[in-house]
Amino acid sequence: MSETPGSAEISDQAAYADAVETAVAAAAAYYGAGDSALDDDSYDRLVRGIAEYEAAHPDHVLPDSPTGKVAGGAVVGDVPHTVPMLSLDNVFSAEGLESWAAGLERRLGRPVERWSVEPKLDGLAISARYRDGRLVQLVTRGDGAAGEDVSHGIGMIVGLPGRLAEPVTVELRGEVLMTHAQFEEANTARTGAGHPAFANPRSAAAGSLRARDRDYQVEMTFFAYGALPMDDSLPELRTLPHSEIMTRIAAWGAHTSAATPVAGVVREDVAGIQERVERIAALRAELEFGIDGIVIKADLAADQEQAGNSSRAPRWATAYKLPATEKITRLLDVEWNVGRTGIIAPRAVLEPVEVDGSVITYATLHNAGDIARRDLKIGDHVTVYKAGDVIPRVEAPVAHLRTGGETPIPIPASCPRCGGGIDDSQKRWRCSQGRACHAIASVRYAVGRDQLDIEGLGENRIDQLVEAGLIADFADLFTLGRDELLELDRMGETSTDNLLAAIEGAKSKPLNKVFCALGVRGTGRSMSRRIARHFATMDEIRAADAEAFQEVDGIGPEKAPVLVAEIAELAPLIDKLAAAGVNMAEPGATPPGAEPAATEALPLSGMSVVVTGSMSGPLADLSRNEMNELIERAGGKASSSVSARTSLLVAGEKAGSKKAKAEKLEIEIITPDEFAARVKEHL
Ligand code: IVH
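Read on for a plain summary of the structure. Just so we're clear, the structure is a prediction, and the values are computed from it rather than from any experiment.

## Remarks on the site of the ligand
Contacts to the ligand come from 14 residues, most closely from Glu118, Leu121, Arg141, Glu175 and Lys297. Glutamate 118 places a polar side-chain atom, nitrogen or oxygen, 2.9 Å from a nitrogen atom of the ligand. The contact in question runs from a nitrogen atom of the ligand to an N or O atom on the backbone of proline 119, over 3.1 Å. Within the complex, 87% of the 520 Å² of free accessible area of the ligand lies under protein. Those elements giving two or more residues to the shell around the ligand turn out to be strand E3 (115-121) and strand E11 (291-298). If you tally residues by element for the shell around the ligand, the top one is E3, at four residues.

## Observations regarding the sheet that holds strand E9 (residues 220-229)
Spatial ordering of the open sheet is given by E5-E4-E8-E9-E7, a layout of five strands whose pairing is mixed. The outermost strands of the open sheet, each flanked by one partner alone, are strand E5 (134-140) and strand E7 (157-158). Alignment of strand E8 (residues 170-177) against E9, held across eight bridges, turns out to be antiparallel. Across the sheet, the residue bridging to leucine 177 is threonine 221, located in E9. Contacts between helix H5 (residues 201-210) and the sheet are confined to strand E4 (124-131), E7, E8 and E9, with E4 contributing the most and set at about 45 degrees to the helix.

## Some words on the nonpolar core
Generally speaking, a soluble globular protein has its nonpolar side chains buried in company with each other. Residues Phe474, Leu477, Leu518, Ile531, Phe549 and Leu577 are the most contacted members of the largest nonpolar core, which totals 47 residues. When contributions to this core are tallied by element, the ones reaching two or more residues are helix H10 (439-446), helix H11 (459-467), helix H13 (493-506), helix H14 (511-518), helix H15 (525-535), helix H16 (538-543), helix H18 (559-569) and helix H19 (571-579). Top element by residues in this core is H14. It accounts for five residues. Non-local contacts of phenylalanine 549, meaning those with residues more than four positions away in its chain, are made with Ile531, Phe535, Ile541, Ala544, Ile555, Ala560, Leu563, Val564 and Ile567.

## Observations regarding the packing of aromatic side chains
Applying the stated criterion to the full structure yields five aromatic pairs. When the ring of tryptophan 100 is compared with that of tryptophan 115, the centres are 5.6 Å apart and the planes differ by 55 degrees; the resulting orientation is tilted. Of this pair, tryptophan 100 sits in helix H3 (residues 94-108) while tryptophan 115 is found in strand E3, placing the two residues 15 residues apart along the sequence. One exposure class covers both tryptophan 100 and tryptophan 115, and it is buried. Between phenylalanine 223 and phenylalanine 289 the ring centres are 4.8 Å apart and the planes differ by 50 degrees, which places this aromatic pair in the tilted class.

## Remarks on the side chain of histidine 180
Examined against the element boundaries, histidine 180 turns out to sit in helix H4 (residues 180-192). Residue classification places histidine 180 among the buried residues on the basis of a relative accessible area of 17%.

## Looking at the state of the cysteines
Under the criterion given, the structure shown has zero disulfides. Distance from the sulfur of cysteine 415, which forms no disulfide, to the nearest cysteine sulfur (cysteine 437) is 3.7 Å. With no disulfide of its own, cysteine 437 has cysteine 431 as its nearest cysteine by sulfur position, at a separation of 3.6 Å. What makes cysteine 437 buried here is its relative accessible area of 8%.

## Looking at the pairing of strand E15 (residues 358-364)
Taken together, the six bridges between strand E14 (residues 344-355) and E15 define a ladder with antiparallel strand orientation. Bridge pairing in E15 places glutamate 354 opposite valine 359. A loop of two residues connects E14 with E15, the two strands running antiparallel in sequence, and aspartate 356 in this loop sits at a positive phi of about 45 degrees.

## So, the environment of valine 609
By the secondary structure assignment, valine 609 is in strand E22 (residues 608-612). Placed 236 residues apart in sequence, valine 609 and arginine 373 show a C-alpha to C-alpha distance of 44 Å. Beyond its immediate sequence surroundings of up to four residues, valine 609 is in contact with Leu604, Ile631, Lys637, Ala638, Ser639, Leu648, Val650 and Phe675.

## Regarding the packing of H15 against helix H21 (residues 624-633)
Axis separation between H15 and H21 bottoms out at 12 Å; the angle between their running directions is 15 degrees. On the basis of the axis angle, H15 is roughly parallel to H21. Crossing hand, H15 versus H21: right-handed. Across the interface between the two elements, Arg525, Arg529 and Arg533 from H15 touch Asn625, Asn628, Glu629, Glu632 and Arg633 from H21. Taken together, the residues that form the contact of H15 with H21 break down as no nonpolar, two polar and six charged.

The rules behind each value
- Residue indices begin from 1 for each chain and proceed along its sequence in written order.
- Residue-level local features of this predicted model are given only where pLDDT is at least 70; pairs of side-chain atoms are given and counted only at 80 or more, and the full residue set underlies all totals for whole chains, interfaces and linings.
- For side-chain calculations, the full set of non-hydrogen atoms in the structure is used, while hydrogens and water are omitted.
- Here, proximity means that at least one heavy atom of the residue falls within 4 Å of the molecule or strand.
- Whenever two N or O atoms come within 3.5 Å, that pair is a polar contact, provided that in protein one can donate a hydrogen and the other can accept it, and provided that, for residues adjacent in sequence, both atoms are side-chain atoms.
- Only the protein chains shown count as cover for residues, with accessible areas throughout obtained via the Shrake-Rupley method and a probe of 1.4 Å.
- Here a helix means four or more residues in a row that DSSP labels H or I, a strand means two or more in a row labelled E, and each is numbered from the N terminus.
- Strand pairing is assigned whenever DSSP detects at least two bridges linking the two strands.
- The contact criterion used throughout is that any non-hydrogen atoms of two residues lie within 4.5 Å.
- Only C-alpha atoms enter the line fits that serve as axes; for helices the fit covers just the stretch in contact. Angles between N-to-C directions range over 0 to 180 degrees.
- By convention a nonpolar core is built from buried Ala, Val, Leu, Ile, Met, Phe, Trp, Tyr and Cys residues, the set being connected through side-chain atoms within 4.5 Å.
- Categorising residues by exposure relies on relative accessible area from a 1.4 Å probe, with only protein chains included: less than 20% of the type maximum marks a residue as buried, more than 50% marks it as exposed, and the intermediate range marks it as partly exposed.
- The pairing test for Phe, Tyr and Trp rings, Trp by its six-membered ring, is centres within 6.5 Å, and the orientation test on the planes gives stacked under 30 degrees, edge-to-face over 60, and tilted for anything in between.
- We call a pair of cysteine sulfur atoms a disulfide when they lie within 2.5 Å.
- The scheme is simple: roughly parallel for angles under 35 degrees, roughly antiparallel for over 145, roughly perpendicular for 65 to 115, oblique for anything else.
- Each crossing is labelled by how the near helix is turned from the far one, with a counterclockwise turn of less than a right angle marking it left-handed and a clockwise turn marking it right-handed.
- Asp, Glu, Lys and Arg are counted as charged, while Ala, Val, Leu, Ile, Met, Phe, Trp, Tyr, Cys and Pro are counted as nonpolar; the rest, among them Gly, fall into the polar class.

Structure, rendered in structure tokens:
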């Protein structure tokens, strides 16, 4: 997975002294007001550079150096911890993990019986002391030996109840963070009260927890990751496996990762750990809260005790760090673009910066209200966030890096595409012409490979057709005349006939493709498939109200009314398509309420199917999306990960961890050829 990251190059003693000074100041700001000028990644590189220099020049080491110190030596508090609050050592790759685990087993002289694998929550460590089930004190990590009393935070933290379900006397340890939603709310409240925005959820949590008096309200979330006895009660906390302690904590009513998609799990070997690491990394972008890695712990108390701790970190646990998802860069400009549905969206133009493995030059700003709420200005240093395939977004300006030279972001008064009016009645502004404003983009989308898949209709050709006034939307394609096409520049007889044949072929696409082609806001190909399967005909879709839409998997109370409104808006287009003879039914699907007999007869009815490795034989040319479509046509549900709920794994050549997992879970595994035979009627 991730490569071991680099370090800052420090060539001489003066550079070393500078680096130490910068790191100490950054750590002080980070753990103090939560406003460091360095992002986590830059700080870590700097400290690694310092450590490398110190290793080569042990006689130059300065007493202030952040290396080997909890929190970089930045903070001290006056509440002593009963047991030190330690840091974690890091690994950055599968090899690093393997050698760490092997090292631990060598130290123990035996294999570790089981491992606990859980998310590394990106917040700040807290010790929560409960007496007889009541929360009496909150203490930060501080320098690990003593922390700061932040008991004034009691009541602001979701998941840290004032009273536990049992009258236990116990110290819970865990992480306090802001979910993405809490961060947005906190910044709205904070900027609304005239304060500069917090740069990111982590510093927002740190700053909010330490502030005693605040003229606005914020909410945070607690995740427990351990429990310690505070007196002679609960001696079992010293002997129970970590995983069982976590179950206890949850039963007492404190929040743990158990209820999240990245819940802590127990694994028996490094291959099992690695697979969970990959799974958590893959889920990261969709989580409601930030994680910066995966924590791997020897699960059994006996293993932990025998391994012991160094002064800084336990030897029985490590953090598998994931690449940084956040960086600080500069906002150079804001562009306003009109999308295919007429939405006018601002986009940040950034000084290029590498985040999570790719160079980012643009990031979304959502809408005009968002810009105002974040109090962004051109020239600002901003934090940008990007994880996995999620579109990068600007989180906030780094207010203390302002020079005074920043300028306001120009907000358009008319549609930047057609110059017409703007409908600003909703959060997301829209051209008052709606979809008509950017017809070319809608048509381009509709004829794309995953929609109507009309070959020979590239971008230039579409532009030409729209500009010649031959089409205003994609339904007009179906009534194009041969002679009209022949009059176009660079359109010969053959290409005209080929194009007309391709258009004719698109008429018989299944409903899910036709529906997807409409470009209803909030529906991509997989949602379109679910909608088409559920309703079976376009008439049923058009007759559905918000309640009916919510019966479709993945459609909630927020999305449903938007769909109803969108489909109403698209009525003239749908009518035109129907009149042109475009198919309006989903093969094999039955409308809600009708006899489901047909579905039950499908070969994959009720099955959850995962595909891995490369496909061969009759399936050789199918993309993963096409495989998923095939599975759904045959009545099954396509999924990308193997779990206890998986019914069937189609494993081709080069199948890896998914196959191993399916074997372990005793899930039926078949070859692409066997699968093709099973679903031959749907190929
Ligand atoms: S265990 C003695 N588990 O990461 C073991 N820590 O970089 C130390 N953290 O100080 C803590 N998620 O604030 C543990 N699931 C998790 C964690 C976790 C986040 C934090 C914690 C710790 C820091 C070390």
